[in-house]
Amino acid sequence: MNKVILMGRLTRDPEVRYSAGENALAIARYTLAVDRRFRRDGEATADFISCVAFGRTAEFAEKYFRQGIRIVVSGRIQTGSYTNREGQKVYTTEVVVEEQEFAESKSASDSYAASRPQMSAPASSMPGPSAASADGFMNIPDGIDEELPFN
């Protein structure tokens, strides 16, 4: 089984291109900085994982993802190789994204970006929920427990 789940921050805005032809397909590439659990000499370390998304998933990334936001992706690892212009063989490893979602509220992402000027991103045009509280999450009305299937 080839399955990967990652949570990290985008190192830059996704790079999106469209395939040629009548039915152009969106292809988004981005890199996730995934924190390592253990610190070396008291300093946080991270792995930088290349990701690629296709179709609607790529279009979503283009529209809503910005540098510095935390996301969760799931997909599969794909390896490959090519010969560069100097004639050297280059090996590649990337995650082919099957699912992706936000891992924090917009306000938490904005406060992270504000505290790290080198990773600040332009304000997203994504609409927020109308009934959102200060933390960016929707308020759940009282008495809804009876409607939930997992009580």
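These numbers were taken from a predicted model, which means no experiment stands behind them. (Residues numbered from 1 in each chain as written. Predicted model: local features only at pLDDT ≥ 70, side-chain atom pairs only at ≥ 80, totals over all residues. Heavy atoms only, no water.)

Participant: Report on the overall build of the chain, specifying residues and quantitative values.
Facilitator: Helix and strand counts for the chain stand at two helices and six strands. For the chain, buried positions account for 26% of its 151 residues. Per element, the accessible surface of the chain, about 10800 Å² overall, is 50% carbon and sulfur. (Helix = DSSP H or I, 4+ residues; strand = E, 2+ residues; numbered from the N terminus. Buried < 20%, exposed > 50% of the residue type's maximum accessible area, 1.4 Å probe, protein only. Areas by Shrake-Rupley, 256 points an atom, 1.4 Å probe, with all protein chains shown as cover.)

Participant: Describe the nonpolar core, with residues and values.
Facilitator: One finds Tyr30, Leu32, Phe65, Ile71 and Val73 to be the most contacted residues of the largest nonpolar core, which totals 19 residues. No other element matches strand β3 (residues 26-35), which puts five residues into this core. Ignoring any residue separated from it by four or fewer positions in sequence, one finds Tyr30 in contact with Leu10, Pro14, Ile49, Ser50, Cys51, Ala61, Phe65, Ile71, Val73, Val97 and Gln100. (Core = buried A, V, L, I, M, F, W, Y, C linked by side-chain atoms within 4.5 Å. Contact = heavy atoms within 4.5 Å.)

Participant: Residues and numbers for the side chain of Glu104, please.
Facilitator: With respect to the helices, strands and loops of the structure, Glu104 is situated in the loop between β6 (89-102) and α2 (106-115). Within the structure, Glu104 has its side chain in polar contact with the side chain of Arg9 (distance 2.9 Å). (Polar contact = N/O pair within 3.5 Å; in protein donor to acceptor, adjacent residues only side chain to side chain.)

Participant: Break down the pattern of salt bridges for me, with residues and values.
Facilitator: Summed over all chains, the structure comprises five salt bridges. Measuring nitrogen to oxygen at the nearest pair gives 3.4 Å for the salt bridge that ties Glu98 to Lys3. In this pair, Glu98 sits in strand β6 while Lys3 sits in the segment before β1 (4-10), placing the two residues 95 residues apart along the sequence. We note a salt bridge from Glu15 to Arg17, for which the minimum N-O separation is 3.3 Å. (Salt bridge = Lys/Arg side-chain N within 4 Å of Asp/Glu carboxyl O.)

Participant: Before we move on, can you summarise the pairing of strand β5 (residues 70-83) with the specific residues and values?
Facilitator: Of the pairings in the sheet, the one linking β1 to β5 comprises six bridges and is antiparallel in character. In the strand pairing of β5, Gly8 is matched with Ile71. Sheet analysis places β5 next to β6, joined by 13 bridges and oriented antiparallel. Across the sheet, residue Ile71 finds its bridge partner in β6, namely Phe102. Where β5 folds back on β6, the antiparallel hairpin that results is connected by five residues, among which Gly87 adopts a positive phi of roughly 85 degrees. (Pairing = 2+ DSSP bridges.)

Participant: Pulling in residues and values, what's your account of the packing of aromatic side chains?
Facilitator: Under the defined criterion, the tally for this structure stands at five aromatic pairs. Geometrically, the ring pair formed by Tyr30 and Phe65 is edge-to-face, given 6.1 Å between the ring centres and 85 degrees between the ring planes. Residue Tyr30 is located in strand β3, and its partner Phe65 is located in the loop between α1 (55-64) and β5; the two are separated by 35 residues in the primary sequence. Neither residue differs from the other here; Tyr30 and Phe65 are each classed as buried. Summarising the aromatic geometry, the rings of Phe65 and Phe102 are spaced 5.5 Å apart at their centres and angled 80 degrees between planes, so their arrangement reads as edge-to-face. Of this pair, Phe65 sits in the loop between α1 and β5 while Phe102 is found in strand β6, placing the two residues 37 residues apart along the sequence. In this structure Phe65 comes out as buried when scored by relative accessible area, which is 0%. (Phe/Tyr/Trp six-rings, centres within 6.5 Å; stacked < 30°, edge-to-face > 60°.)

Read these as layout, nothing more, since geometry by itself doesn't imply function.
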